[in-house]
Amino acid sequence: MVKPAGDSSGTATAQARPADPFDAVIRASYGSQGIAEDRSGQQHECVYRRSVGRPYCGDRVRLENTEQNTLVVAQIYPRRNEFARADRMQRKQVVATNLDRVLIVIAPQPAPSRDQAERYLVAVHSLGIEPVLVINKADLLSGEPPADTPFSRLDDYRRLGYAVVEVSCKGEPGVDGLQAYLQQATTILVGQSGVGKSSLANSLIPDLELQTGALSHSTGKGTHTTTTTIMYTLPSGGRLIDSPGVWEYGLWDMTADELAAGFIEFDPYRGQCRFHNCVHHTEPGCAVAAAAANGEILQWRYNSYLRLLQQST
Ligand code: GDP
Ligand code: ZN
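In this text the structure is predicted, and so the values were computed from the model without any measurement.

K.L.:
I keep staring at the state of the cysteines and nothing clicks. Help me out?
P.N.:
Disulfides are covalent bonds that link the sulfur atoms of two cysteine residues. In the structure shown here, the tally under the stated rule is zero disulfides. Unpaired in this structure, Cys-57 has its nearest cysteine sulfur neighbour in Cys-46, at a distance of 12 Å. Residue classification places Cys-57 among the buried residues on the basis of a relative accessible area of 1%.

What follows is the structure, given as structure tokens:
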């Protein structure tokens, strides 16, 4: 049973079930059922029908009341995009849909592996969603950042056109720098375990626990909030999606095309290589390699591309 927002007493309250079909957004999905929010902000438990399919967190749906007084998802509206993660077997798994932004969280501890930021940026690019590079634990970055890491290259990222925001959940500069990217938008947090995603969600959503309680679905086996993707409401009105384990197993294998497209500074050279199927490696007449050699493309980015290319083939 869903508790209305603001009720932390744990008592189950009866739901008003509108007689007419209405539109809602899925905020949490549990197997064959989920919790959807209507336009007025009210939460509704709903069940899925095999014929319609299983909606994901972020899906816009049409809900219909049945004769048994159960709300069912009668329609899933077309998605603007699908955000996927890799599972243990490196297969793509959709976790959320209709996103505006992805906050790629990295931190000095645990240190990102080499090329990790590039892999994240390429993956977000391939999904057609805007990335924000969030440097968490900035409080641990006093002094000169370690060389040849994303932390020493923040200005390079900014010059490439990426939004880069340094934050800390434990000290200066706090998390306010993120606010501008969260308003009126649906955003998802990604990054490896330990970089501070839960801490960020806690800092940004003062009533996170209350919302979690209202969106948890109780079954005989207990609640499943620790394994479920949940869409939270931010005080500013935006939405923040927190999904356990997103990209913890790494990313799916990318094609050479996907990879090159994700290195956005290669764009001006597209179509300029001698061979139309050039992967910008050792081919003669490669415009990208030439641009890297003469400094128009950052050498460290090109080297990163080459390493990722090797891993993808
Ligand atoms: P998650 O696995 O990405 O959700 O990371 P957590 O939010 O659980 O944070 C992992 C650890 O990093 C915890 O011990 C946090 O207290 C710590 N942590 C999170 N944010 C910061 C920060 O901004 N600065 C410092 N120094 N520690 C942080
Ligand atoms: Zn080329």
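K.L.:
So what exactly am I meant to see when it comes to the confidence of the model for the protein here?
P.N.:
Reading predicted coordinates in detail is not appropriate for stretches of low pLDDT. Looking at the protein as a whole, its pLDDT mean stands at 89, while 91% of the residues score no less than 70. Here residues 1-14 is a poorly scored stretch, pLDDT under 50, and it has 19 contacts once near neighbours within four places are set aside; other chains count.

K.L.:
Just checking my understanding: could you explain the packing of aromatic side chains for this structure?
P.N.:
Where two aromatic rings form a pair, the distance of their centres and the angle of their planes describe that pair. Inspection of every chain in the model, using the stated rule, returns six aromatic pairs. Their ring planes at 80 degrees and their centres at 5.1 Å tell us that Phe-266 and Tyr-305 sit as a pair that is edge-to-face. Within this pair, whereas Phe-266 is found in the loop between α6 (256-262) and α7 (287-293), its partner Tyr-305 is found in helix α8 (residues 299-312), the two being separated by 39 residues in sequence. Both residues of the pair, Phe-266 and Tyr-305, belong to the buried class.

K.L.:
Can you walk me through helix α4 (residues 197-204) in this structure?
P.N.:
Owing to its 3.6 residues per turn, the α-helix aligns residues three or four sequence positions apart on the same side. Those residues of α4 that fall on the buried side of the exposure criterion are Lys-197, Leu-200, Ala-201 and Leu-204. Considered in projection along α4, the buried side chains sweep an arc of 100 degrees and stay on one side of the axis. Summarising the contacts, the buried residues of α4 are in contact with β8 (101-106), β9 (130-135), α3 (179-182), β11 (186-190), α5 (208-215) and β13 (239-242).

K.L.:
What's the story with the coordination of the zinc ion (ligand 2) in this structure? I'm lost.
P.N.:
Reference values for angles at a metal are 109.5 degrees in the four-donor tetrahedral case and 90 or 180 degrees in the six-donor octahedral case. Around the zinc ion (ligand 2), the protein supplies Cys-273 (SG), Cys-278 (SG), His-280 (ND1) and Cys-286 (SG) as donor atoms, at distances of 2.1 to 2.4 Å. Metal-centred angles of 103 to 113 degrees between the four donor atoms at the zinc ion (ligand 2) mark the site as tetrahedral. Here the donor residues for the zinc ion (ligand 2) map to a single chain with the spacing C-x4-C-x1-H-x5-C. Using a relative accessible area of 10% as the deciding quantity, one classes Cys-278 as buried. For Cys-286, a relative accessible area of 6% gives the class buried.

K.L.:
For this particular structure, what's the right way to read the site of ligand 1?
P.N.:
In the neighbourhood of ligand 1, 15 residues make up the surrounding shell, with Cys-169, Lys-170, Gly-194, Ser-198 and Ser-199 lying closest. With respect to ligand 1, the side chain of Lys-137 contributes an N or O atom lying 2.9 Å from an oxygen atom. Coverage of ligand 1 by the protein amounts to 72% of the 590 Å² it exposes when considered alone. Partitioning the shell around ligand 1 into residue classes produces three nonpolar, eight polar and four charged.

K.L.:
How do you make sense of the pairing of β13 when you look at a structure like this?
P.N.:
On a regular strand, each side chain points to the face opposite its neighbour's, so the side chains alternate between the two faces of the sheet. Burial along β13 is two-sided: the face carrying Arg-239 and Ile-241 and the face carrying Leu-240 and Asp-242 are both buried. Sheet topology note: the β11/β13 ladder contains four bridges and is parallel. The residue of β13 that forms the bridge with Ile-188 is Ile-241. Adjacent in sequence and paired antiparallel, strand β12 (residues 230-233) and β13 are bridged by five residues, among which Gly-237 carries a positive phi angle near 105 degrees.

K.L.:
Whenever I open this one, the pattern of salt bridges confuses me. Can you help?
P.N.:
Opposite charge on two side chains permits them to pair, given that their charged atoms come into close proximity. A complete count under the given rule lists 16 salt bridges for this structure. The residue Arg-27 makes a salt bridge to Glu-37 at a minimum N-O spacing of 2.7 Å. Placement of Arg-27 in strand β1 (residues 22-30) and of Glu-37 in strand β2 (residues 33-38) is noted, with a sequence separation of 10 residues between them. For the residue pair Arg-27 and Glu-37, the accessibility class agrees, reading buried in each case. Where Asp-115 meets Arg-307, a salt bridge forms, and the shortest distance between an N and an O atom there is 2.8 Å. Pair noted here: Asp-115 is in the loop between β8 and α1 (116-126) and Arg-307 is in helix α8, with a separation of 192 residues, a long-range link.

K.L.:
When you look at the side chain of Thr-187 in this model, what are you seeing that I'm missing?
P.N.:
Locating Thr-187 in the fold gives a position in strand β11. Once residues lying within four places of it in the same chain are set aside, the contact partners of Thr-187 are Arg-101, Leu-103, Tyr-181, Leu-182, Arg-239, Leu-240 and Ile-241.

Parameters and conventions
Residues numbered from 1 in each chain as written. Chains lettered and ligands numbered in written order. Predicted model: local features only at pLDDT ≥ 70, side-chain atom pairs only at ≥ 80, totals over all residues. Heavy atoms only, no water. Disulfide = S-S within 2.5 Å. Buried < 20%, exposed > 50% of the residue type's maximum accessible area, 1.4 Å probe, protein only. pLDDT = per-residue confidence, 0-100. Contact = heavy atoms within 4.5 Å. Phe/Tyr/Trp six-rings, centres within 6.5 Å; stacked < 30°, edge-to-face > 60°. Helix = DSSP H or I, 4+ residues; strand = E, 2+ residues; numbered from the N terminus. Arc of directions from axis to C-beta. Donors = N, O, S within 2.8 Å, 3.2 Å for Na, K, Ca; no water. Tetrahedral: all angles 85-135°; square planar, octahedral: opposite > 155°, others 65-115°. Near = heavy atom within 4 Å. Polar contact = N/O pair within 3.5 Å; in protein donor to acceptor, adjacent residues only side chain to side chain. Areas by Shrake-Rupley, 256 points an atom, 1.4 Å probe, with all protein chains shown as cover. Nonpolar A, V, L, I, M, F, W, Y, C, P; charged D, E, K, R; others polar. Pairing = 2+ DSSP bridges. Salt bridge = Lys/Arg side-chain N within 4 Å of Asp/Glu carboxyl O.

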